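Coordinate analysis (summary)
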Amino acid sequence: GTTTTATSDFESSLEETCGASLESRGVWYTFPSLDRRVVRIEYQLFATGIGKSSLSVFTDACNEGLRSCIGNAQAESHYYSFNDLLIYEFLAESDVDYYFFLAGENTATVGEYQLNITEHPIPSNDVCESAIELKKFPSSIMSGSLVGATPDFEG
């Protein structure tokens, strides 16, 4: 996609921008979550030396004043190469519509971009109470994946 011809999306400082600049020119995507899963967003803006890439994630509605920010992230820009790949993960709840705002940090940070969104189921042993028992050592070998795991500690 591209943000080259996008316009500014936020009209006042009272509006929830979720980390985006009021001057950001960006595009919107919506993602309906049908199940409780971990969602991974990978966004790379192919701009050089102008400004950081910006991603904001909202729930609820497109209407001004009703949006709720659930998170945001930025990726660094480089003078002689494309902006860094931005990776953001969050726990999506069932039956919730999420809205993603992709932009640069100012009116000059625009260009082509690539967006990848993947969903991962939460593993059955994601909480302590459902830990998988290992055999006695020294012969216990277990393979698995941390994809879809959720944060276990607050703070």
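Residues numbered from 1 in each chain as written. Predicted model: local features only at pLDDT ≥ 70, side-chain atom pairs only at ≥ 80, totals over all residues. Heavy atoms only, no water.

1. A look at the environment of Glu-11
Residue placement: Glu-11 occurs in the segment before strand E1 (26-33). Each C-alpha atom, one on Glu-11 and one on Leu-22, is 7.0 Å from the other, the two residues being eleven residues apart in sequence. (Helix = DSSP H or I, 4+ residues; strand = E, 2+ residues; numbered from the N terminus.)

2. Things to note about unusual backbone geometry
The phi torsion at Cys-18 lies on the positive side, around 55 degrees, for a residue other than glycine. Here Cys-18 lies in the segment before E1. For Asp-95, which is not glycine, the phi dihedral falls at a positive 60 degrees. Take Asp-95: it is sitting in the loop between strand E5 (86-92) and strand E6 (96-104).

3. A look at the sheet that holds strand E3 (residues 53-59)
The strand order across the open sheet formed by four strands is E1-E6-E3-E4, and the pairing between neighbours is antiparallel. Edge positions in the open sheet fall to E1 and strand E4 (68-75), since each of these has one partner strand only. If you compare each strand with its neighbour and ignore which way they point, the axes differ by 20 degrees on average. Across seven bridges, the pairing between E3 and E4 is antiparallel. In the strand pairing of E4, Val-57 is matched with Gly-71. (Pairing = 2+ DSSP bridges. Axes fitted to C-alpha atoms, helices over the stretch in contact; angles between N-to-C directions.)

4. Quick look at the packing of aromatic side chains
Aromatic rings in a pair are described by how distant their centres are and how their planes are angled relative to each other. Using the criterion set out here, one finds eight aromatic pairs in the structure. With a centroid separation of 5.0 Å and an interplanar angle of 55 degrees, the aromatic rings of Phe-90 and Tyr-98 are classed as tilted. Given a relative accessible area of 3%, Tyr-98 falls into the buried group. Ring pairs connect the aromatic residues Phe-31, Tyr-88, Phe-90, Tyr-98 and Phe-100, which therefore count as one cluster. (Phe/Tyr/Trp six-rings, centres within 6.5 Å; stacked < 30°, edge-to-face > 60°. Buried < 20%, exposed > 50% of the residue type's maximum accessible area, 1.4 Å probe, protein only.)

5. Some words on the environment of Asp-60
Mapping Asp-60 onto the fold places it in the loop between E3 and E4. Taking C-alpha positions, Asp-60 is 8.3 Å from Tyr-99, a pair spaced 39 residues apart along the chain.

6. As for the pattern of salt bridges
A full pass over the atoms with the stated rule returns five salt bridges. For the salt bridge of Asp-35 with Arg-37, the shortest nitrogen-to-oxygen distance reads 3.9 Å. One network of salt bridges, with partners in common, ties together Arg-40, Glu-42 and Glu-89. (Salt bridge = Lys/Arg side-chain N within 4 Å of Asp/Glu carboxyl O.)

7. Some points on the sheet that holds strand E2 (residues 37-45)
The three strands lie next to each other as E5-E2-E7, forming an open sheet whose pairing is antiparallel. Strand pairing shows two members of the sheet lacking a second neighbour, E5 and strand E7 (113-121), which therefore form its edges. Ignoring strand direction, the axes of neighbouring strands in this sheet form an average angle of 15 degrees. As judged from the nine bridges shared by E2 and E7, these two strands associate in the antiparallel manner. Looking across to E7, one finds that Gln-44 is bridged to Gln-114.

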